[in-house]
Amino acid sequence: MNGSGMALTADGSFDSHWSNSEAFSITGPKVVAKIKGTYSSKGSNSEIFLLSKWDGAVLDVNANFTTAGEQSEGLSITGNLVKATVGGTITTSGAQSEGISASADGDNSDGPGGLQIISNAAISTSNSDSEGISITARDSTLTSAGPITTSGGNSEGISATKDGNTVDATGAITTAGEKSEGISYAGARGKVTVGAPISTKGSNSPGLLLSGSGIAVPINNSITTTGTGSPVVQVLDGSSGITVTCADGVNLSAAGPLYVGPVGAVTFVNCPTGLA
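Residues numbered from 1 in each chain as written. Predicted model: local features only at pLDDT ≥ 70, side-chain atom pairs only at ≥ 80, totals over all residues. Heavy atoms only, no water.

A.B. asks: Now, about the overall build of the chain: what can you tell me, with residues and values included?
C.D. replies: Check the secondary structure of the chain and you find zero helices and 27 strands. At 18 Å, the chain has a C-alpha radius of gyration in line with the 19 Å of a compact globule built from 276 residues. Considering only C-alpha atoms, the chain reaches an extent of 55 × 35 × 30 Å along its principal axes. For the chain, buried positions account for 51% of its 276 residues. Carbon and sulfur atoms form 48% of the exposed surface of the chain, whose accessible area is close to 10,600 Å². Charge-centre separation for the chain: the mean point of 12 positive side chains lies 7 Å from the mean point of 22 negative side chains. (Helix = DSSP H or I, 4+ residues; strand = E, 2+ residues; numbered from the N terminus. Rg over C-alpha atoms; globule rule 2.2 N^0.38 Å. Buried < 20%, exposed > 50% of the residue type's maximum accessible area, 1.4 Å probe, protein only. Areas by Shrake-Rupley, 256 points an atom, 1.4 Å probe, with all protein chains shown as cover. Lys, Arg positive; Asp, Glu negative; His and termini not counted. Charge placed at Lys NZ, Arg CZ, Asp CG, Glu CD.)

A.B. asks: Before we move on, can you summarise the pattern of salt bridges with the specific residues and values?
C.D. replies: Counted under the stated rule, the structure contains three salt bridges. For Asp15, the salt bridge goes to Lys42, with nearest N and O atoms at 3.0 Å. Note that Asp15 is positioned in strand S1 (residues 7-16) and Lys42 in the loop between strand S3 (32-41) and strand S4 (49-52), a separation of 27 residues in sequence. Note on Lys42: relative accessible area 41%, which makes it partly exposed. When the shortest N-O distance is used, the salt bridge between Asp139 and Arg138 registers 3.6 Å. (Salt bridge = Lys/Arg side-chain N within 4 Å of Asp/Glu carboxyl O.)

A.B. asks: A description of the sheet that holds strand S6 (residues 75-78) should follow, citing residues and the corresponding values.
C.D. replies: The strand order across the open sheet built from 10 strands is S2-S4-S6-S8-S11-S14-S17-S20-S23-S26, with neighbouring strands paired in parallel fashion. In this open sheet, the two edge strands, each paired with only one partner strand, are strand S2 (24-27) and strand S26 (259-260). (Pairing = 2+ DSSP bridges.)

A.B. asks: If you had to explain the packing of aromatic side chains to someone new, which residues and values would you point to?
C.D. replies: If you walk through the whole model with that rule in mind, you get two aromatic pairs. An angle of 75 degrees between the planes, with centres 5.9 Å apart, marks the rings of Tyr39 and Phe65 as edge-to-face. Separated by 26 residues along the polypeptide, Tyr39 in strand S3 and Phe65 in strand S5 (residues 58-67) bring together distant segments of the chain. For the pair Tyr39 and Phe65, a shared accessibility class is recorded, and that class is buried. (Phe/Tyr/Trp six-rings, centres within 6.5 Å; stacked < 30°, edge-to-face > 60°.)

A.B. asks: Now, about the environment of Ile118: what can you tell me, with residues and values included?
C.D. replies: The residue Ile118 is located in strand S9 (residues 116-119) in this model. When its relative accessible area of 31% is taken as the criterion, Ile118 is described as partly exposed. Residues Ile118 and Ile77, spaced 41 residues apart in sequence, show a C-alpha to C-alpha distance of 13 Å. Setting aside residues no more than four positions away along its own chain, Ile118 makes contact with Ala84, Thr85, Val86 and Thr143. (Contact = heavy atoms within 4.5 Å.)

A.B. asks: Account for the side chain of Thr67, with residues named and values stated.
C.D. replies: Mapped onto the elements of the fold, Thr67 is located in strand S5. We classify Thr67 as buried; its relative accessible area is 1%. At a separation of 2.7 Å, a polar atom in the side chain of Thr67 contacts the main-chain carbonyl oxygen of Ser72. (Polar contact = N/O pair within 3.5 Å; in protein donor to acceptor, adjacent residues only side chain to side chain.)

A.B. asks: Pulling in residues and values, what's your account of the state of the cysteines?
C.D. replies: Applying the stated rule across the entire model yields one disulfide. Paired by a disulfide, Cys246 and Cys271 hold their sulfur atoms 2.1 Å apart. Taking the torsion about the S-S bond as the criterion, the Cys246 to Cys271 disulfide, at about 90 degrees, is right-handed. In this pair, Cys246 is assigned in strand S24 (residues 242-246) and Cys271 in the segment after strand S27 (266-269), connecting sequence segments 25 residues apart. (Disulfide = S-S within 2.5 Å.)

A.B. asks: Talk me through the pairing of S27; I want residue IDs and the actual numbers.
C.D. replies: Of the two faces of S27, only one is covered, namely that formed by Val266 and Phe268; the face formed by Thr267 and Val269 stays uncovered. In this sheet, S27 lies alongside S24 in parallel orientation, the contact comprising four bridges. Residue pairing in the sheet places Ile242 in a bridge with Val266 of S27.

A.B. asks: Any chance you could break down the pairing of S3 for me, citing the residues and the numbers?
C.D. replies: By the bridge criterion, 10 bridges tie S1 to S3 in an arrangement that is parallel. Looking at the pairing, Ala7 lines up with Val32 of S3. In this structure, S3 lies alongside S5, joined through 10 bridges in parallel fashion. Bridge pairing in S5 links Ile35 to Val61.

A.B. asks: Can you lay out unusual backbone geometry for me, pointing to particular residues and giving the numbers?
C.D. replies: Positive phi is not limited to glycine here, since Leu81 has a value of about 55 degrees. Inspection of the secondary structure puts Leu81 in the loop between S6 and strand S7 (83-92). Unusually for a residue other than glycine, Arg189 sits at a positive phi of about 60 degrees. As for its placement among the helices and strands, Arg189 is situated in the loop between strand S17 (183-188) and strand S18 (191-194).

See the structure below:
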């Protein structure tokens with residue numbers, strides 16, 4: 001479908017075994033879409049939803065999405081000022097297949113951004129390079145209330161990139177593969193709130209991986225890491241002005257050090273010994 005200001009309502013089923021076969025491929029601004037039903041694809045490059053140039057669009061999904069091919073996201077959004085509310089389930093088993101992938105339109109995703117993503121979906125990915133939710137856009141908000149589980153390598157629970165983003169994780173996050181952070185944030189002027197348990201099991205998989213400046217990080221629930229080289233919080237060189245605030249009695253545990261990063265990059269408030 002192509003065009004501006006379209007309205008789409010769907011409540012059905014879709015099952016494709018072909019490559020390059022989306023259930024829905026929509027291009028155009030100011031689209032309103034409401035989707036229910038059960039949709040699956042088994043071929044490569046076969047997202048359930050491929051939404052491009054969706055500036056000002058509104059998406060309401062309460063459906064079950066399953067993909068098995070590589071490079072086959074459950075839901076892929078490219079646009080600015082998009083509002084998406086997602087419920088149901090999203091399951092991917094191919095490599096490079098995020099549950100939800102959202103990015104701003106423009107070169108290098110440098111458009112105005114302003115995405116609003118509310119995910120109540122239960123998201124599960126089981127192959128490499130397959131984040132639960134990935135956002136590449138500035139001045140955007142993500143509320144993740146549904147559980148996220150990833151088991152492949154290089155598969156963060158949540159990955160957010162660009163300046164001015166707010167991530168509110170109120171659904172549990174579990175990762176099992178190596179180099180699979182619970183939440184990864186790269187940018188300036190951001191906020192990441194841990195409102196539900198985070199657990200990582202693979203090596204080199206910190207609970208939180210932060211890079212940038214002026215990032216506020218309230219930790220209101222437990223973070224547990226069990227793999228080697230997996231601190232609770234890791235901050236990359238060159239970062240500054242990060243503030244981590246821990247709720248009273250919050251449980252933070254790791255097989256090694258709780259914090260890895262440059263001295264002075266982070267101010268810890270009310271955090272346990274070993275992190276502060």
